[in-house]
Protein chains: 2
Amino acid sequence: MNHIVSHSRRLRDTPFTPGVEAAGVKAYTVYNRMLLPTVFESVEADYRHLKTHVQVWDVAVERQIELNGPDAQRLMQMLTPRDLSRMQDDQCYYVPVTDDRGGMLNDPVAVKHSDTRWWISIADSDLLLWVKGLAIGAGMNVRVFEPDVSPLAVQGPKADALMERVFGSAVHDIRFFRQKRLAFAGRSYVVARSGYSKQGGFEIYVEGSEHGMALWGALFEAGADLNVRPGCPNLIERIEGGLLSYGNDMTMENTPLECGLGKFCKPAEGSAFIGREALASELASGPARQIRAVSIPGGAVIPPRKAWPLLKEGVRVGQVTSAAWSPDFGTNVAIGMVDAGHWQDGTALTVETPQGPRAAHVQERFWA
Amino acid sequence: MNHIVSHSRRLRDTPFTPGVEAAGVKAYTVYNRMLLPTVFESVEADYRHLKTHVQVWDVAVERQIELNGPDAQRLMQMLTPRDLSRMQDDQCYYVPVTDDRGGMLNDPVAVKHSDTRWWISIADSDLLLWVKGLAIGAGMNVRVFEPDVSPLAVQGPKADALMERVFGSAVHDIRFFRQKRLAFAGRSYVVARSGYSKQGGFEIYVEGSEHGMALWGALFEAGADLNVRPGCPNLIERIEGGLLSYGNDMTMENTPLECGLGKFCKPAEGSAFIGREALASELASGPARQIRAVSIPGGAVIPPRKAWPLLKEGVRVGQVTSAAWSPDFGTNVAIGMVDAGHWQDGTALTVETPQGPRAAHVQERFWA
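For clarity, every value in this text was computed on a predicted model and none was experimentally measured.

Peer 1: I'd like a description of the overall build of chain A, backed by residues and values.
Peer 2: Helix and strand content of chain A: eight helices and 22 strands. Against the compact-globule benchmark of 21 Å for 368 residues, chain A has a radius of gyration of 21 Å, which places it among compact chains. If one aligns the C-alpha atoms of chain A with their principal axes, the spans along those axes are about 65 × 50 × 40 Å. When the 368 residues of chain A are sorted by exposure, 55% land in the buried category. For chain A, contacts bridging at least 24 residues in sequence account for 66% of all contacts bridging at least 6.

Right, here's the structure in full:
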């Protein structure tokens, strides 16, 4: 069923919306109360292009939270079980953020500028309110605010080639999940080797909305012969790669261990992050359920609008939250949360889709 | 420009979505990461019907935050400048919620059950994260969570007649912004005389999503001869009535005084709410800008997608954030934020719409 999205100021445009709409975006989702494109040509055509060429993505919906001041580092560490003590000033860390019960509040990327200045590049929840609330409640000496910073992603196998033409050969020196300041048109931009695809690429943090369209235009001009196109996070490609979507594949009801993020849950001795007791108790008992790749063979499914129950002999043992037909793997690729005892590689289950029950197979690994 | 909204689990359905979609909803907005209908027949036809008959609105997007425990009342008062000390256990209060700089974080309705149990029925921001963050940061003894409670509104001149048929004649005894527990089909529901229209009516707080569609069905069955229809907050009607929309007409950048909410900013002596110093200083100097009704005569405008600048002799002195053609008042009705010195009744300004400049008149009062 297709529905129109009603535009209003409350669902914010981004600095790149003029470019996105001139390119004929067909559908949006709303992410952090901002418009995020979901389809340009079709999900499948966008997927093929992403895996072959290079795309420019308006991911300004990854809003930034700036922590600025003497207590910035202490506050940042309070947010996450991940040990930040050895993080360098040019590193980006994927960090689960947990509440006092160990539930996931967001799964952002922390960008460290210095001990006293951080950005948090957020997934879909108003994490700003959590961080401000904590800081004020605890009387910490740090300013917490949303700066005018909008990420633009360049993703795909030709991303390095395109970025070199705009930012110079220094882009090749940026290592995975590291960032560097590079110049374009007389201004400097934080450029990180990161992004929500497995095709490789960069995220450029545009400081000052008024500079967005100049950079957008320069990337398309420089990449004409690389077949550069506007794109967006692609449902098929991100499921193949096991890239989780906060709000889809996990919510505040799930812990980082359930989300398969145990490697980020090795806190430093004595670290005072929120949810410490809950994590310790879950580490002792093991998680009750866990994220798994799920294959649904046969004809293409319609991607889920709500969680689909996973059943074993009629009993619910989990759910599928993202699914799409994968042309490259010849099956429906899916992400599910499966109860302990049923998450072993190869477990055969039934998934209840709105179009009826389908066979489903639990996999240890994602596809790409 | 029309765009499709991409459905996913992340944009939650409500307990009433099956009813809304069976009735042929045409467009949605996303509000608190949930689907909120915006159009059934047309904005203008929905408006006429709302003012003549009675409508049932899926406003489950007004998510609830429950504060439960010994420190609930203290935490609640910490959130708002409004003095809650004399609030009775059956009252609902419209409360501006402010941050340390006095900026609006939400404009919810607080529903008091007792000193130790409150609900906050929120506008469009993840206020849960703010309230939890504050409570944890300050080490308070209170549980803060989102209960499974979804408001359903009954609005329009025939709302009392319809509600009596489902909940009995006790509905007539509920005073404005008071609530009472009433029975339907063997369960009790909190019923408040409130709602986001000026046509009168109720909001029913449905506890337990699984009970939503039974109540929805009963209201439509009982109201067939009252010409009951599904509806939604109506852009034209809410502007005529001066009902502000958080995210549209005001944001975190605005204070309650700027929003014309001075009457809710008379805190009790010694009250320790967040933003106290900022409010005191603004009360001394007066707000720098303020919400005003703005009339834009002439042909119908296309409702704004972003703020439209208000100009006086070429200089920006404010902005319009909501606007629509009003059939009943024969003008475009609008809500704007106007700088001090220009907000007097009758001030003539120019508003820059995407279709060109238009004459605009500041009004002291809204239309209805």
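Peer 1: Requested: an account of the interface of chain A and chain B, with residues and values cited.
Peer 2: Each partner contributes to the interface: chain A provides 46 residues, whereas chain B provides 46 residues. Elements represented by at least two residues in the side of chain A that touches chain B include exactly β1 (4-5), β2 (27-31) and α4 (127-137) of chain A. Looking at the side of chain A that touches chain B, the element that brings in the most residues is α4(A), giving nine residues. Class assignment for the residues of the side of chain A that touches chain B results in 19 nonpolar, 14 polar and 13 charged. Pairing geometry for β1(A) and strand β2 (residues 27-31) of chain B, over two bridges, is parallel.

Peer 1: Help me get a handle on the pairing of β2(A), residues and values and all.
Peer 2: All names here are of chain A. Among the five residues of β2, four are classified as buried, and the element is accordingly described as predominantly covered. Pairing analysis gives five bridges linking β2 to strand β3 (residues 34-39), with the strands arranged antiparallel. Bridge pairing links Y28 to P37 in β3. Count of turn residues in the β2/β3 antiparallel hairpin: two residues, of which N32 carries a positive phi of about 50 degrees.

Peer 1: Kindly report on the domain arrangement of chain A, identifying the contributing residues and their values.
Peer 2: All names here are of chain A. Taken domain by domain, chain A holds domain 1 (17-62 + 148-238) and domain 2 (64-131). The straight-line distance from the C-alpha centre of domain 1 to that of domain 2 is 23 Å. In this complex, domain 1 contributes eleven residues to the contact, which on the side of domain 2 involves ten residues. Listing elements by their share of the side of domain 1 that touches domain 2, those giving two or more residues are β12 (149-155) and β13 (179-184).

Peer 1: Describe the relation of the copies chain A and chain B, with residues and values.
Peer 2: If you rotate chain A by 180 degrees and push it 0.0 Å along the axis, it lands on chain B with an RMSD of 0.0 Å. With respect to symmetry, the two chain copies, as superposed, fit the operation of a two-fold axis.

Peer 1: Tell me about the confidence of the model for chain A, and please be specific about residues and values.
Peer 2: The predicted model of chain A averages 97 in pLDDT, with 100% of residues at 70 or higher. Listed scores for the predicted complex are pTM 0.97 and ipTM 0.97.

Quick notes on the rules
Residues numbered from 1 in each chain as written. Chains lettered and ligands numbered in written order. Predicted model: local features only at pLDDT ≥ 70, side-chain atom pairs only at ≥ 80, totals over all residues. Helix = DSSP H or I, 4+ residues; strand = E, 2+ residues; numbered from the N terminus. Rg over C-alpha atoms; globule rule 2.2 N^0.38 Å. Buried ≥ 20, exposed ≤ 12 C-beta atoms within 10 Å, placed from the backbone. Contact = placed C-beta atoms within 7 Å. Nonpolar A, V, L, I, M, F, W, Y, C, P; charged D, E, K, R; others polar. Pairing = 2+ DSSP bridges. Domains from an automatic or database assignment. Least-squares fit on C-alpha atoms with pLDDT ≥ 70 in both. pLDDT = per-residue confidence, 0-100.

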